[in-house]
Amino acid sequence: MDLYPQNPLAEGPIPAQAGVGLKAEYYPHALENTREAAWFEVHPENYMGAGGPPHRYLTAIRELYPVSLHGVGLSIGGAQPLNTEHLNRLKLLIDRYQPALFSEHLAWSTHDTHFLNDLLPVPYTAQTLAAVVAHVDQTQSHLKRQMLLENPSTYVQFETSTMDEVEFIAQIAQKTGCGLLLDVNNIFVSAQNHNYCPYEYISRFPTQFVQEIHLAGHNVQQDDAGAPLLIDSHDALVADPVWALYDHLIAKIGATPTLIEWDSNLPTWAVLVGEAAHANSILARHARAHAAE
Amino acid sequence: MHNFAAALKDVNMPIPDGMVAWHGHAIDKRFAVYRNNIYAGLVDALAAQFPVTLQIVGEEFFRDMALLYARAHLPTSPTLFTYGADFAQFITHFAPAHEMRYLAEMARFEYMWTCSYHAADAHPITAEALANVPPEVMGTLILKFHPSAQLFSSIFPIIDMWIDHKHECVGSREYRAGQFHHLIIRPQVDVLLIPIAPQAYACVAALYAGAQLGDAMALVPETAPPELAPTMLATLLGQGCIIDFTIHT
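Peer 1: Break down the overall build of chain A for me, with residues and values.
Peer 2: Counting its regular elements, chain A contains 9 helices and 13 strands. By its C-alpha atoms, chain A is 50 × 45 × 40 Å across when sized along the principal axes. For chain A, the proportion of its 293 residues judged to be buried stands at 48%. The contacts in chain A between residues at least 6 apart in sequence include a share of 76% that link residues at least 24 apart.

Here is the structure:
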């Protein structure tokens, strides 16, 4: 099903290269236009003020680079109706900046009137599937464009779940026509936390819908039983086993726009674009291999 | 989800049933990740929103205070730069901060600073724009302030303290209580903090509220230096505080 236009800005789709998350600290580097990052991603929630420097900088950077909006506040996995005020704010930003991609999470963050400021886990049942599908449909029709949905990192599982995550996500994509954002760190974190194989997850994932990839750092703790408990912290270098998983994924699906996500304990620009260069080397190696085939 | 949310909000509530780990053992530490993410994130958001309030009391005091605030006042919007609107009021009633009566005032100012930072953009007019107004109707002029303009008054020298903390030169001058008035405004990129002399304050406040120029000027006390009002008006125009005017006929 292809209900909504992909990449509506004809001249600026996201290239199949590495981009980085844009924070205020990096505005001067982005404006130098060195192309060390091929594109930038922002959290739209940080640009929902009426005016001021955030818009001034994003406008200038948008003139130089493709931009992707990655929402953290829509609560698409929630049981309650979506916040239409928030949808309106997103629409305003999308109309203004014409992002090449817009994505949100398979998670919930709003309960009653409270914003809980985290990406909370969803049980995988027929009932929650219907709710998420309705929310993705509503979002795409409200924004008049396709959205991407991101696989979550989770720390607990629900006894009520009747299907696994891959099946749940595949059904959402098939029923709504949304694209998918595959977060490779999230696959690794969840696989470790729930003791399954991340390669097997990728082998079953509906990769034909994937339009963007995320890479990020995590940290390692232990749960009550002494088992590994990985935290999706976005505050460190991408871990080696996540690079290996990414390499495997790109070999399978080909070069795909890839974002280095880093949200706290921010690194220097040099370290951040070093991670982007690492991703680019993997993308280029597989692009050559595909071309040689 | 209702039980999940309730247990996140109230740390004294038991972990709800229905969640498991693959090995079948306890999930306390796993559930704690969610509880921790929420409140650590909100405390971080407050620390970013109130940087000098934090500097004054130190990291540990601030984080303890912010955590208590966050538990009692969860945000109602995912736009976290609007979070903390009533943090200053919370500090007013926060017993460990009672000795520092200026602390709530600092938080009130820092929230206003953020509001000006994110306020709508508009093009200021220059003094020349008023040059063609006939002198006989000048008194009926109503000035329209920039959308980012806010008046801040305190009995504490909050802005001096804030600037000293920002420039890391605390201790370079003595702070005394008094009457301090400023216009907080962001005509372009930077937030400006324009001091308003106590004798000019009633006049500026009236202009800000939409009074006619003549009526506002009448609020400047007769004891004030004659150049006070014209200088203040020139400052407002020169700094880009005014975006339009109307003549009342």
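The rest of the description comes next.
Peer 1: Got a sec to walk through the sheet that holds strand β1 (residues 18-21) of chain A? Specific residues and values, please.
Peer 2: Ordered in space as β1-β2-β3-β4-β7-β9-β10-β13 (chain A), the 8 strands form a closed barrel in which the pairing is parallel. Along the sheet, successive strands turn relative to each other by an average axial angle of 30 degrees, direction set aside.

Peer 1: Account for the sheet that holds strand β3 (residues 150-154) of chain B, with residues named and values stated.
Peer 2: Residues and elements named next belong to chain B. Spatially, 3 strands are ordered β3-β4-β5 in an open sheet, and the strand pairing comes out antiparallel. Because the sheet does not close on itself, it has two edges, and the strands there are β3 and β5 (192-196). Between one strand axis and the next, the sheet turns by 30 degrees as a mean value, whatever way the strands run. Pairing analysis gives 5 bridges linking strand β4 (residues 180-185) to β5, with the strands arranged antiparallel. Bridging from a neighbouring strand, Leu183 pairs with Ile194 of β5.

Peer 1: So, unusual backbone geometry: which residues are in play, and what are the values?
Peer 2: Residues and elements named next belong to chain A. The phi torsion at Arg35 lies on the positive side, around 60 degrees, for a residue other than glycine. Positionally, Arg35 belongs in the loop between α1 (27-31) and β2 (40-42). Given 11 C-beta atoms within 10 Å, Arg35 falls into the exposed group. The phi torsion at Lys144 lies on the positive side, around 55 degrees, for a residue other than glycine. With respect to the helices and strands, Lys144 occurs in the loop between α4 (126-143) and β7 (148-150). The class for Lys144 is exposed, based on 12 C-beta atoms found within 10 Å.

Peer 1: Summarise helix α7 (residues 158-166) of chain B; cite the residues concerned and give the values.
Peer 2: Because each turn of an α-helix spans 3.6 residues, side chains separated by three or four positions end up pointing in the same direction. All names here are of chain B. Taken together, the buried positions of α7 are occupied by Ile158, Ile159, Met161 and Trp162. In an axial view of α7, the angular spread of the buried residues amounts to 160 degrees, which keeps them on one side of the axis. Buried residues in α7 make contact with α3 (51-57), α6 (101-118), β3, β4 and β5. Two residues or fewer after α7 comes Glu168, characterised by a positive phi angle close to 55 degrees.

Peer 1: Give a description of the interface of chain A and chain B that names residues and reports values.
Peer 2: Taken together, the contact pairs 38 residues of chain A with 38 residues of chain B. Secondary-structure elements contributing two or more residues to the side of chain A that touches chain B are α2 (53-64), β5 (108-111), β6 (114-120), β8 (157-158) and β12 (228-231) of chain A. With 6 residues, β6 of chain A is the largest single contributor of residues to the side of chain A that touches chain B. Split by residue class, the side of chain A that touches chain B holds 16 nonpolar, 16 polar and 6 charged. Bridge count for β8 of chain A against strand β1 (residues 19-20) of chain B is 2 bridges, and the pairing is antiparallel.

Peer 1: Explain the nonpolar core to me, and be specific about the residues and the numbers.
Peer 2: Residues Val20, Phe40, Leu149, Val184, Leu215 and Ile260 of chain A are the most contacted members of the largest nonpolar core, which totals 137 residues. A per-element tally of this core places helix α2 (residues 28-49) of chain B first, with 7 residues. Leaving out residues up to four positions away in the same chain, Val20 of chain A has contacts with Ala37, Phe40, Leu259, Ile260, Leu272, Val273 and Ala276 of chain A.

How each quantity is defined
Residues numbered from 1 in each chain as written. Chains lettered and ligands numbered in written order. Predicted model: local features only at pLDDT ≥ 70, side-chain atom pairs only at ≥ 80, totals over all residues. Helix = DSSP H or I, 4+ residues; strand = E, 2+ residues; numbered from the N terminus. Buried ≥ 20, exposed ≤ 12 C-beta atoms within 10 Å, placed from the backbone. Contact = placed C-beta atoms within 7 Å. Pairing = 2+ DSSP bridges. Axes fitted to C-alpha atoms, helices over the stretch in contact; angles between N-to-C directions. Arc of directions from axis to C-beta. Nonpolar A, V, L, I, M, F, W, Y, C, P; charged D, E, K, R; others polar. Core = buried A, V, L, I, M, F, W, Y, C linked by C-beta atoms within 7 Å.

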